[in-house]
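# Structural characterization, general
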Amino acid sequence: MPTEPTRRRITVTEDGPILVQGPVEIVLADGQEVISDRAATALCTCRRSRRYPFCDTSHRRRVRTDRIRGAEADRTCDR
Ligand code: FES
């Protein structure tokens, strides 16, 4: 008896990865197959990940907090 295919949810994020629910088998452009058995898999869309095809959060902009703190300190000294 044929079974209904399970519908997976794929979420496209703005400026970030594509989130795929459930275990997945990924076929890369060169034919290599990669398997993820995680409940949700984040696929890199920016190509900056060191774990490509998986997202490692390298897409996030890095903000130097020491400069921000310095700017806040400058503002408090302007009185
Ligand atoms: S989308 Fe996250 S590292 Fe590329």
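Look up: the structure comes first, before these words.
To start, this report covers the structure provided alongside it. The model shown is predicted, which means the values in this text are computed figures rather than measured ones. (Residues numbered from 1 in each chain as written. Predicted model: local features only at pLDDT ≥ 70, side-chain atom pairs only at ≥ 80, totals over all residues. Heavy atoms only, no water.)

## Here's the deal with the pairing of strand E4 (residues 33–36)
Side chains Val 34 and Ser 36 of E4 all project onto a buried face; the interleaved residues Glu 33 and Ile 35 project onto a face where none is buried. Bridge analysis of strand E3 (residues 24–27) against E4 gives four bridges, and the strand direction is antiparallel. Bridging across to E4, Ile 26 finds its partner in Val 34. Remark: five residues form the turn of the hairpin made by E3 and E4, two consecutive strands paired antiparallel; Gly 31 in that turn has positive phi of roughly 90 degrees. (Buried < 20%, exposed > 50% of the residue type's maximum accessible area, 1.4 Å probe, protein only. Helix = DSSP H or I, 4+ residues; strand = E, 2+ residues; numbered from the N terminus. Pairing = 2+ DSSP bridges.)

## Examining the sheet that holds strand E1 (residues 10–12)
Spatial ordering of the open sheet is given by E1-E2-E5, a layout of three strands whose pairing is antiparallel. Where the open sheet ends on each side, the last strands, each with one partner, are E1 and strand E5 (40–43). Averaged over all adjacent pairs, the angle separating strand axes in this sheet is 20 degrees, with direction ignored. Pairing analysis gives four bridges linking strand E2 (residues 18–21) to E5, with the strands arranged antiparallel. Paired with Leu 19 across the two strands is Ala 42, which belongs to E5. (Axes fitted to C-alpha atoms, helices over the stretch in contact; angles between N-to-C directions.)

## Observations regarding the pairing of E2
The pairing of E1 with E2 spans three bridges and is classified as antiparallel. Paired with Val 12 across the two strands is Ile 18, which belongs to E2. The hairpin turn running from E1 into E2, its antiparallel successor, is five residues long, and Asp 15 in that turn takes a positive phi close to 60 degrees.

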